[in-house]
Amino acid sequence: FDYFRLLKPRVMSLVVFSGLIGMAIAPGSIHFVTGFIAIISIALGAGAAGAINMWYESDIDALMQRTKNRPIPSGRVVREEALSLGIIVAGAAVIIMGLLVNIVSAILLLLTIAFYVFIYTMLLKRRTSQNIVIGGAAGSLPPVIGWSAVTGSIDFFPILIFTIIFFWTPPHFWALSLYNHLDYKKAGIPMLPVVAGLRKTVTYILIYAFLLLPISIMPWFFGYLGTLYLSTAILLGLIFLLRAVQVLKKINKDANTFEQAAKKLFNYSIFYLFILLLSVYFDSSLI
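A short tour of the structure in this document, coming up. Note that the structure is predicted; figures quoted are calculated from it, not measured. Along each chain, the written sequence defines residue order, and numbers are assigned to residues from 1. Confidence filtering applies because this is a predicted model: local features only for residues at pLDDT of at least 70, side-chain atom pairs given and counted only at 80 or more, and all residues used for totals across whole chains, interfaces and linings. By convention in this description, side-chain values take in all heavy atoms of the structure and omit both hydrogens and water.

### Re the pattern of salt bridges
Pairing between side chains becomes possible if they bear opposite charge and their charged atoms approach one another.
Alright, step 1. What counts as a salt bridge is simple: a side-chain nitrogen of Lys or Arg found within 4 Å of a carboxyl oxygen of Asp or Glu. Following the criterion strictly, the structure yields four salt bridges and no others.
Alright, step 2. The shortest N-O distance in the salt bridge between Glu57 and Lys125 comes to 3.1 Å. Taken together, the positions of Glu57 in the loop between helix 3 (32-56) and helix 4 (58-61) and Lys125 in the loop between helix 6 (103-124) and helix 7 (131-140) put the pair 68 residues apart, joining distant regions of the chain.
Alright, step 3. Across the pair Arg126 and Asp59 runs a salt bridge, and its minimum N-O distance is 2.8 Å. Taken together, the residues Arg126 in the loop between helix 6 and helix 7 and Asp59 in helix 4 connect sequence positions 67 residues apart. Secondary structure is summarised from DSSP: a helix means a run of H or I of at least four residues, a strand means a run of E of at least two, and numbering begins at the N terminus for each.

### Looking at the layout of surface pockets
Alright, step 1. Here the term cavity refers to a set of points on a 1 Å grid, laid over the protein atoms alone, in which a 1.4 Å probe fits but cannot get out; the term pocket refers to an open set having protein on both sides within 12 Å along at least five of seven lines, with lining residues being those that place an atom within 4 Å of a point. Grid points are joined across faces, edges and corners, and a volume is the space filled by probe spheres set on the points. One number sums up the size of the second largest pocket: a volume of about 180 Å³.
Alright, step 2. For the lining of the second largest pocket, the secondary-structure elements that each account for two or more residues are helix 3, helix 5 (79-100) and helix 6.
Alright, step 3. The element best represented in the lining of the second largest pocket is helix 6, accounting for six residues.
Alright, step 4. When residues are grouped by polarity, Ala, Val, Leu, Ile, Met, Phe, Trp, Tyr, Cys and Pro land in nonpolar, Asp, Glu, Lys and Arg in charged, and all others, Gly among them, in polar. Residue classes in the lining of the second largest pocket are distributed as twelve nonpolar, one polar and no charged.

### Some details on helix 12 (residues 198-216)
Alright, step 1. Any helix carries an expected span of 1.5 Å times its number of residues minus one. With 19 residues, helix 12 should reach 27 Å at 1.5 Å per residue; the first-to-last C-alpha distance of 26 Å fits that figure.
Alright, step 2. Among the residues of helix 12, those classed as buried are Thr201, Val202, Ile205, Leu206, Tyr208, Ala209, Leu212, Leu213, Ile215 and Ser216. For every residue, the accessible area (1.4 Å probe, protein chains only) is compared with the maximum for its type, and the residue is labelled buried under 20%, exposed over 50%, or partly exposed between those bounds.

### Topic: the side chain of Ser177
Alright, step 1. Looking at the secondary structure, you find Ser177 in helix 9 (residues 156-178).
Alright, step 2. Not counting chain neighbours up to four residues away, the residues in contact with Ser177 comprise Tyr184, Met191 and Pro193. Here, residues are in contact when the closest pair of their heavy atoms is within 4.5 Å.

Dropping the structure here:
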């Protein structure tokens, strides 16, 4: 079970879902077995990146309340074993994708793992408050991987989905960092609330939520999706903005009230992406 926890299953589930949506909306068809192999490869790739991330960050995980009970800092898994697991699983995922699906999706999967490990985890996270802004590209690629698993190519439609997730990622993680900012400060991680303060972080969340609204309707604007998606994107986007405003209003309240509002925003951000991607699938099946 501890080795499974190293793969960050909660993060993996959203990655797999977005990859599945990319596969479902792609033109053409894919054999069930091949599609299953592609999804498993995406899951393994995401899990491998998570395991290597836990290996590299085990020192700061031990300092933070939220992460101190993870397998490595709690002493249940040896640090080197996590690294070995991550490397082996990552290699297996890419090789399986390349041999049994296609080379384009395998290359994209390799780039995703490498970007998360080397660019986000090792280069950015401990150095800049913009870590998640740039690093979010890794988590935005699964729909493109899913699409390429079916088509063997990259198209503008999955790039639009990539863009939506890319702009969704910062406010999603900043909401998390709002109620964990003391943890990040203790560990010396320059997350935005630590560097810029709570109010400025909420302001940035509002800006990104505002930008996300027109960006999220681009698939409709370019004719890939219809009214069902458009109405869903607008409604979800407006609620996102409203939730962010509510957090801003609670910033001068007591710490517990503010943290509860931030947690609600974080939880809503997950709901937002899940429902938005679900509407992408249902609307694309109608066109």
